[in-house]
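# Report on the structure
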Amino acid sequence: MSDKKSGFLSDYRASEDGLNFGIFKPALRNILQTAETPLTVGVFGTWGSGKTSLLNMLKDELDAKNLPSLKTVWFTAWKYEQHDALWRAFMLRVVDGLHPRKEDGTRYQPDDFSTPAEKPKLEALLHLGRLERNIYETVSWQDEGQWSLNTGELVKQGSKLPIWLAFHLSGLGGAAKDLGLNPDMAKLLEREVREHHLNQLSYMEQFATEFQKAVQLILGDDGRLVVFVDDLDRCLPEKAVEVLEAIKLFLDVPGTVFVLGMDREVIRRGIETHYGAMLKTDGDDEIPINGDVYLQKLVQIPFNLPPLDMKGRIEFIQTLEKGLPADFQLDKITRQVFGRGLYPNPRQVKRALNVFY
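Residues numbered from 1 in each chain as written. Predicted model: local features only at pLDDT ≥ 70, side-chain atom pairs only at ≥ 80, totals over all residues. Heavy atoms only, no water.

## Remarks on the side chain of Asp96
Stated precisely, the cut-off is as follows: Runs of E in the DSSP output that reach at least two residues are strands. Runs of H or I that reach at least four are helices, and both are numbered from the N terminus. As used in this structure description, the phrase polar contact means that two N or O atoms lie within 3.5 Å; if the pair is within protein, one of them must be able to donate a hydrogen and the other to accept it, and residues adjacent in sequence are counted only when both atoms belong to side chains. Any two residues whose heavy atoms approach within 4.5 Å are treated as being in contact.
Here Asp96 shows up in helix α3 (residues 86–98). Only 2.6 Å separates the side chain of Asp96 from the side chain of Arg107, close enough to count as a polar contact. Those residues within four positions of Asp96 in sequence are excluded, and the remaining contacts are Arg101, Arg107 and Glu132.

## Section: the packing of aromatic side chains
Which entries qualify depends on this criterion: Within 6.5 Å between ring centres, the rings of Phe, Tyr and Trp (the latter by its six-membered ring) count as paired, and their orientation is classed by plane angle as stacked under 30 degrees, edge-to-face over 60, tilted in between. Buried residues are those whose accessible area, probed at 1.4 Å on protein chains only, stays under 20% of the maximum for their type, while exposed residues exceed 50% and partly exposed ones sit between those limits. In this scheme, the term charge over a ring applies when either NZ of a lysine or CZ of an arginine sits within 6 Å of the ring centre and within 35 degrees of the ring normal.
According to the stated counting rule, one finds 14 aromatic pairs in the structure shown. Residues Phe21 and Phe24 carry aromatic rings whose centres are separated by 5.7 Å and whose planes lie at 55° to one another, so their mutual orientation is tilted. Here Phe21 and Phe24 have matching classes, each one buried. For the ring pair Trp74 and Phe228, a centre distance of 6.0 Å and an interplane angle of 25° mean the geometry is stacked. Note that Trp74 is positioned in strand β2 (residues 70–76) and Phe228 in strand β3 (residues 224–230), a separation of 154 residues in sequence. As far as the burial class goes, Trp74 and Phe228 line up, both buried. Aromatic rings pair up to connect Phe75, Phe90, Phe207, Phe211, Phe250 and Phe258 into one cluster. The cationic tip of Arg234 hangs over the ring face of Trp78; the distance from NZ or CZ to the ring centre is 3.5 Å. One residue, Arg264, lies across the ring of Phe44, its end atom 4.7 Å from the ring centre.

## Comments concerning helix α12 (residues 310–321)
How we decide: Helix span, as expected, comes to 1.5 Å for every residue beyond the first.
Compared with an ideal rise of 1.5 Å per residue, which puts 12 residues at 16 Å, α12 spans 17 Å between its outermost C-alpha atoms and is within 8% of the ideal. When we look at burial in α12, the residues that qualify are Gly312, Arg313, Ile314, Phe316, Ile317, Thr319, Leu320 and Glu321. Looking at the buried positions of α12, the neighbouring elements they touch are α13 (332–341) and α14 (346–356).

## Considerations on the pairing of β2
Every regular strand shows the same layout, with side chains that alternate between the two sheet faces. The condition is simple: When DSSP locates at least two bridges between a pair of strands, those strands are taken to pair.
Buried residues dominate β2, accounting for 6 of its 7 residues. Direction of pairing for β2 relative to β3: parallel, over a ladder of 7 bridges. Counterpart to Thr76 in the pairing with β3 is Asp230.

## Focus: the nonpolar core
To keep it simple, the criterion reads: Residue types Ala, Val, Leu, Ile, Met, Phe, Trp, Tyr and Cys, when buried and joined through side-chain atoms within 4.5 Å, form a set referred to as a nonpolar core.
Ranked by internal contacts, the top residues of the largest apolar core, which has 48 residues, are Phe90 and Phe211. Broken down by element, the residue count for this core peaks at 8 residues, all from α3. Leaving out residues up to four positions away in the same chain, Phe211 has contacts with Val94, Val95, Leu98, Leu131, Leu225, Phe250, Val253 and Thr256. Core analysis: the second largest hydrophobic core is formed by 34 residues, Val43, Leu55, Phe228 and Val257 among them.

## What about the packing of α12 against α14?
The condition that has to hold: Interaxial angle, 0 to 180 degrees, is taken between N-to-C directions of lines fitted to C-alpha atoms, where a helix line uses only the stretch in contact. These descriptions rest on fixed angle ranges, namely under 35 degrees for roughly parallel, over 145 for roughly antiparallel, 65 to 115 for roughly perpendicular, and the rest for oblique. Put simply, a crossing is left-handed when the front helix is turned counterclockwise from the back one by less than a right angle, and right-handed when it is turned clockwise.
At their nearest, the axes of α12 and α14 sit 11 Å apart, and the two run at 55° to each other. On the basis of the axis angle, α12 is oblique to α14. Two packed elements cross with a definite hand, and for α12 against α14 that hand is right-handed. Side by side, α12 and α14 meet where Phe316, Ile317 and Leu320 of the first sit next to Pro346, Val349, Lys350 and Leu353 of the second.

Next comes the structure, spelled out in structure tokens:
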């Protein structure tokens, strides 16, 4: 294998600031660390504008402070998109981020705290365990509740019951009578589904209170959990909305800060697509929900990443060249041509240079 260094520029997030983030990064870091909570910060930028790199640098700088009252969590929404319940994966990741950890990164277990002096730590650990189990149990109950069948009635009703169930889940539960089903059986199943929704609502109302208690137990009364959510704009609209709806559960929890890196226009359209499909009626051309208004209610501090001007593009190219072999260095005129002619987007600059090399 050759030891010669490649001239290929990776699309991976940058660890070195070649985009002049230093102009505004300290202000953002200060907001995340000291602003009143609960708080949601939106870092808006187009595809490839450097959102992930900025969020990663902010997280690293907060972690470097090594404060016992401050924890950070990273959630890449796109990686979990295949989960049946993305909101569940998100909530579990947030709760997992609160767990105390050993030096090797593994989580402490209840058996690790056995002395009376360690009782507060044990209580905190047990509380986090209950939160995680509740998230799983709620979803499990939901799945079983919607599809549970009385096997005795199934035999009695024959093949018609699955047909009626399909109608029922489509909102056409009245088809039971037309199919000749036992009305009592239809009512039983309908009542079971409704009870599930009431229980789910009750659980969500209680979650914020229980999570606030967890933050206080782990980080103290003035503790702060900063959750970075990246790549929402790469998810399907319904999946992105799942995460946004889950974040609403934390909006009343003191000590929580959410930093959302996303393309505002993509998410806005996704919100309108998702709720438009759910709420739009036949013959109604008007979109039933405004994506911008939705985001304004969710995000208290919006920050729009500035596009690279010509000088910024040239400086970015010079930063990239530092890590390339000598024979990949551009001459001054070529660098000026790229700086003037390329689209003001860091990822587009990298791709153009890769093609050129």
